[in-house]
Number of protein chains: 2
Amino acid sequence: MKTTIAALAALATLGSAAAATAQDLPGPVKARQGQFRIMAINLGMLGDMAQGKTAYDADAAQKAADSLVGVSMIDEAPLFAEGTSEMDIDGTRAKAEIWDSWDDFASKWSGFGEAAANMQQVAATGQEALGPAMGQLGGACKACHDTYRAPE
Amino acid sequence: MKTTIAALAALATLGSAAAATAQDLPGPVKARQGQFRIMAINLGMLGDMAQGKTAYDADAAQKAADSLVGVSMIDEAPLFAEGTSEMDIDGTRAKAEIWDSWDDFASKWSGFGEAAANMQQVAATGQEALGPAMGQLGGACKACHDTYRAPE
């Protein structure tokens, strides 16, 4: 048991160190960038269905919505570790205001969670439900990006 | 509405394209690697508490466990996109067997979900509950890695 836990902890540490060496980005930054990519992939699938670019598939829409809800359950604090703003390091657009206004940032993350939960409720009910739910999700994304993400 | 959806879809596409250009890894690979990093970060926090390396904190343990459950809800299919095995591209250790044995791979992912759900139930009940729950999580990780992850 102890060996397993120690091995897992070592793996976690190694993972972070490897990232910093290999691509000059701290582990938490790689983690959060992956997280946003997961969101983009699932939002992209739902958006394509909402626009009729791909055929509506209730099961696929539900899986994408469930994935977004899953992402919304991830605690952002360890991913937005201190010292990982765009003022501290290259390769991130996370503004220092995130740490100055953590409660508001967390509230905006909760807003994404609410929008994802709404999508989860309606995703399998029909193609026409996707547009409004995507609008709410887009609004939640924008609310946070407008304040806390630096321009490219 | 349509503009928002189109913008989101464009962002998703841009995100994938940027990754492929910048670091030669397809978007889904970056996404899944970030996902595993999120798992490692949260497992690391729980493992440190289980071993007594850091003080037990019921709230922090619960947040880490909730985060693991959230990750377990992410659909793996779009992240393990066709053509992204270690035989196809550099920079991944995902064995081709994943796609040959998708149902078994998905079942092992569900095993992680069950272990995460167990941790979620017990994480806030006391430090002594973490060890056995970490053991189950470690077993779920190992079961999949032994079969589907190539050596470094």
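It should be noted that the structure appears before, not after, this text.
Residues numbered from 1 in each chain as written. Chains lettered and ligands numbered in written order. Predicted model: local features only at pLDDT ≥ 70, side-chain atom pairs only at ≥ 80, totals over all residues. Heavy atoms only, no water.

## Some thoughts on the packing of aromatic side chains
Part 1 of the argument: All chains considered together, the criterion is met by 12 aromatic pairs over all chains.
Part 2 of the argument: Ring geometry for W102(A) and F105(A): centres 5.1 Å apart, planes at 50°, overall tilted. Within this pair, W102(A) and its partner F105(A) are both found in helix 5 (residues 102-122), separated by 3 residues, close to a single helical turn.
Part 3 of the argument: Judged by its relative accessible area of 26%, W102(A) is partly exposed.
Part 4 of the argument: The class for F105(A) is buried, based on a relative accessible area of 4%.
Part 5 of the argument: Both rings, one in W109(B) and one in F112(B), keep their centres 5.1 Å apart while their planes meet at 45°; by these two values the pair is tilted. One end of the pair, W109(B), and the other, F112(B), are both in helix 5 (residues 102-122), 3 residues apart, so they sit about a helical turn from each other. (Phe/Tyr/Trp six-rings, centres within 6.5 Å; stacked < 30°, edge-to-face > 60°. Helix = DSSP H or I, 4+ residues; strand = E, 2+ residues; numbered from the N terminus. Buried < 20%, exposed > 50% of the residue type's maximum accessible area, 1.4 Å probe, protein only.)

## Overview of the pattern of salt bridges
Residues and elements named next belong to chain A.
Part 1 of the argument: With the rule as written, the count across this model stands at 6 salt bridges over all chains.
Part 2 of the argument: Among the salt bridges present, the one from D59 reaches K63, with a minimum N-O distance of 3.5 Å. A residue pair is termed a helical-turn pair when its members lie 3 or 4 positions apart in one helix, as D59 and K63 do in helix 3 (residues 58-72) at 4 residues.
Part 3 of the argument: What makes D59 partly exposed here is its relative accessible area of 48%.
Part 4 of the argument: For K63, a relative accessible area of 38% translates into the label partly exposed. (Salt bridge = Lys/Arg side-chain N within 4 Å of Asp/Glu carboxyl O.)

## A closer look at helix 5 of chain B
Quick reminder: α-helices carry 3.6 residues per turn. Residues three or four places apart thus point the same way.
Residue and element names in this part refer to chain B.
Part 1 of the argument: With 21 residues, helix 5 should cover 30 Å at 1.5 Å per step; its first-to-last C-alpha distance of 31 Å lies within 8% of that length.
Part 2 of the argument: Those residues of helix 5 not exposed but buried are F105, W109, F112, G113, A115, A116 and M119. All buried residues of helix 5 lie within an arc of 165° about the axis, which places them on one face of the element. In helix 5, those exposed residues whose orientation departs by more than 90 degrees from the buried face are D103, E114 and Q121.
Part 3 of the argument: In this structure, the buried side of helix 5 is in contact with helix 2 (27-51), helix 3 (58-72), helix 4 (97-100) and helix 6 (130-148). (Expected span 1.5 Å × (residues − 1). Arc of directions from axis to C-beta. Contact = heavy atoms within 4.5 Å.)

## Considering the environment of A106(A)
Residues and elements named next belong to chain A.
Part 1 of the argument: Within the element layout of this structure, A106 appears in helix 5.
Part 2 of the argument: For A106, a relative accessible area of 29% puts it in the partly exposed group.
Part 3 of the argument: C-alpha of A106 to C-alpha of A77: the two residues are 29 residues apart in sequence and 8.7 Å apart in space.

## Some points on the packing of helix 2 of chain B against helix 6 of chain B
Residues and elements named next belong to chain B.
Part 1 of the argument: The interhelical angle for the contact between helix 2 and helix 6, taken along N-to-C directions, is 140°, at an axis separation of 9 Å. Put simply, helix 2 runs oblique to helix 6. Relative to helix 6, the crossing made by helix 2 is left-handed. Side by side, helix 2 and helix 6 meet where L43, L46, G47, M49 and A50 of the first sit next to L130, G131, M134, L137 and C141 of the second.
Part 2 of the argument: Partitioned by chemical class, the residues of the contact of helix 2 with helix 6 number 8 nonpolar, 2 polar and no charged. (Axes fitted to C-alpha atoms, helices over the stretch in contact; angles between N-to-C directions. Parallel < 35°, antiparallel > 145°, perpendicular 65-115°, else oblique. Left-handed = near helix turned anticlockwise from the far one by under 90°. Nonpolar A, V, L, I, M, F, W, Y, C, P; charged D, E, K, R; others polar.)

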